[in-house]
Amino acid sequence: MTVLPADGLSLAAEFPHPAHEQWQSLVEGVLRKSGKDVAGSAAEEALSTTVEDGLITRPLYTSRDSAPDAGYPGFAPFTRGGKAEGNAAGGWDVRQRHTLSDPARLNEAVLADLENGVTSLWLTVGGAGGVPVSALAGALDGVYLDLAPVVLDAGSEFDAAATELLRLYAERGVGAQTARGNLGADPLGQAARSGAAPGLTAAVHWAQQCAQEYPGLRALTVDALPYHEAGGSAAEELGASLATGVAYLRALTEAGLRVEEACAQLEFRYAATADQFLTIAKLRAARRLWARVAEVCGAADAGAQRQHAVTSSVMMTRRDPWVNMLRTTLACLGAGVGGADSVTVLPFDHALGLPDAFARRIARNTSTILLEESHLARVIDPAGGSWYVERLTAELADAAWAFFQEIERSGGQEAALHSGMISERLAATWAARSKDLARRKEPITGVSEFPQLAERAVEREAAPAEVSATESGGLPRVRRDEAFEVLRARSDAHLAATGQRPRVFLAALGPAAAHTARVSFASNLFQAGGIEPVHDPVSVDAATAADVFRAGGATVACLCSSDTLYAEQAGAVAEALGSAGAQRVFLAGRPGEYTGVDEYVFAGSDVVAVLSSLLDRMGVA
């Protein structure tokens, strides 16, 4: 029998402590095999990735990657959470969004949600897409308003909606001490969306009344979604929200509220994306930044930012919308781990129109599973202490603070919106990101990668039409899939008109082992533009290519094989395809000198430009 030493067994005793330089040496060897002869820190930099806002993510983080002290949950700078118990005391508030205009249908949906796990309601009121202010009572019939907080999104009808909600509280016996929720005033956010001049008078009035009479109610929302939905980066979203929050603080304190009272009237709303680490870092950075604002204002203990995270509408796709369930799950996870107080998961069919009961059920159950089955809220700030997350939080906070300072130098949030400074900055960011999307450097599963032309379309009742930025003068709303959606819509129209999609013949050379990878690549690429690939027979050569091309019903062709076989056969096969009537012959691979080849498609090429030009050439209107 082996007897353990008296001081116990150290499981790591037999393993030497590796040095950072040893890891770099191993990286050098791997890179050398791929043709990159770099050494030391340059080897590590070769594996680093530059993301939005100029931030760089490195392949390895260690204790040498210092970051500011994150403090403790519930204490300034609140990086680790605004409450000492974090989300561990019951998890985050599950907040469902409703945009139905019919009060009876809205009431049915609201009651179903509250009976099945939702803990607060976010209602669009007034306008073309919301329930009329006068019908709010019917929409909330049967709702226990002392138990279910209500958050309003009433835009320009905010004053009337707030008045009606407080009337309902009084009518149904909900006391001033038990009323909870948010009246949702956000004049600067409304100005960003609509281009209208912001009016702060009503918002200030309601903030004063809530501060004096309704301790559980907040009057204002600092909504950063307009900047995210216009294509802004995480740092730009944070910077704009800081500038908006500071503008509201100025207005409230000038009206007589103490800084502590003014801070208590604000709730911040941010987008949560499928990049879970960026979402975690963004929410942590937002709290640190707002704590700094409160500190400068002389109320450091009042800097615990109240956060509402909403899964990003920019990332939602119209094609293969089922994949949106995975995206929103990752976003919800990031929001929960990042410490959001309330989380709204948009239904997977959000981009298609009004969600049905099934989609709303999946949305609310996303939070339920993460809370009840995955126990995500049982640990306070689970990402805290990660060198990567702490470093990303600090760098993102620095970038956001720099943008906030730019806005303040330009005269503040209202002036920056009016001058176009913010819209120009967001447009430049989106233009750069659009290039990555077009080149599939940022892939979209089900759209730019692995599309399914034969998928059955998911149809939903149309949502109220949004006023475009051109019509309103406000910020635009963008989607990651929009460039590819245009291409797919052209293909759909062609199918409806002719009974057949545009086709491309995949001329695979040699055995499957030689051509399968590039056949898959080309098939995905052309289907992203709604062009149906024809790969029959499995392999062709110069003698058979012409006949099978004519039989396939395609008007263009793409060669697919290895570089070795291209050198041997590509020229002859391309000439045979051209003689058979191919309008254009592509080759899947890097450009080379091949007779008869008109164009090349490869990883990193501008797929949107290639497909748009090809549809034009094929006569697809």
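Residues numbered from 1 in each chain as written. Predicted model: local features only at pLDDT ≥ 70, side-chain atom pairs only at ≥ 80, totals over all residues. Heavy atoms only, no water.

Visitor: Got a minute to help me understand helix H20 (residues 545-552) in this structure?
Guide: An α-helix turns once every 3.6 residues. As a result, residues three or four positions apart point the same way. Of all the residues in H20, the buried ones are Ala545, Ala546, Phe549 and Gly552. Looking down the long axis of H20, one finds its buried residues gathered within 130° of arc, a one-sided arrangement. With respect to the buried face of H20, the exposed residues turned more than 90 degrees away are Asp547 and Ala551. (Buried < 20%, exposed > 50% of the residue type's maximum accessible area, 1.4 Å probe, protein only. Helix = DSSP H or I, 4+ residues; strand = E, 2+ residues; numbered from the N terminus. Arc of directions from axis to C-beta.)

Visitor: What exactly am I supposed to notice about the sheet that holds strand S15 (residues 599-601) here?
Guide: By definition, the strands of a sheet pair up through backbone hydrogen bonds, in either a parallel or an antiparallel sense. If you walk across this open sheet you meet the five strands as S12-S11-S13-S14-S15, and the pairing is parallel. Every interior strand has two partners, whereas the edge strands, strand S12 (532-534) and S15, have only one. Direction aside, the axes of adjacent strands within the sheet are offset by 30° on average. As defined by bridge partners, strand S14 (residues 584-588) adjoins S15 across three bridges and the pair is classed as parallel. Looking at the pairing, Ala588 lines up with Val601 of S15. Contacting strand S11 (503-508), strand S13 (556-560) and S14, helix H21 (residues 563-579) crosses the sheet at an angle of about 170° to S13. Set on the sheet, helix H22 (residues 607-617) makes contact with S13, S14 and S15; between it and S14 the angle comes to about 155°. (Pairing = 2+ DSSP bridges. Axes fitted to C-alpha atoms, helices over the stretch in contact; angles between N-to-C directions. Contact = heavy atoms within 4.5 Å.)

Visitor: Whenever I open this one, the nonpolar core confuses me. Can you help?
Guide: Across soluble globular proteins, you tend to see nonpolar side chains buried next to one another. By size, the foremost hydrophobic cluster in this structure holds 110 residues, and its most contacted members are Leu123, Val125, Leu140, Tyr169, Leu220, Leu266 and Trp290. Leaving out residues up to four positions away in the same chain, Tyr169 has contacts with Leu145, Val150, Val174, Ala179, Arg180 and Leu217. Counting residues in hydrophobic clusters, the runner-up holds 56 residues, among them Val447, Leu509, Ala522 and Val573. (Core = buried A, V, L, I, M, F, W, Y, C linked by side-chain atoms within 4.5 Å.)

Visitor: Is there a simple way to think about the pattern of salt bridges in this case?
Guide: Side chains that differ in sign of charge can pair as their charged atoms come close. For the structure shown, the criterion picks out 41 salt bridges. Among the ionic contacts, a cluster of salt bridges with common partners joins Asp93, Arg95, Glu267, Arg306 and Asp341. (Salt bridge = Lys/Arg side-chain N within 4 Å of Asp/Glu carboxyl O.)

Visitor: For this particular structure, what's the right way to read the side chain of Ser367?
Guide: With respect to the element layout, Ser367 can be found in helix H13 (residues 357-373). The class of Ser367 is buried, set by a relative accessible area of 1%.

Visitor: Explain the side chain of Ser120 here, please?
Guide: Counting through the fold element by element, Ser120 comes out in strand S4 (residues 120-124). Ser120 sits in the buried class, given a relative accessible area of 0%. Looking at Ser120, its side chain comes within polar contact range of the side chain of Asp93, at 2.8 Å. Those residues within four positions of Ser120 in sequence are excluded, and the remaining contacts are Asp93, Val94, Arg95, Gln96 and Pro149. (Polar contact = N/O pair within 3.5 Å; in protein donor to acceptor, adjacent residues only side chain to side chain.)

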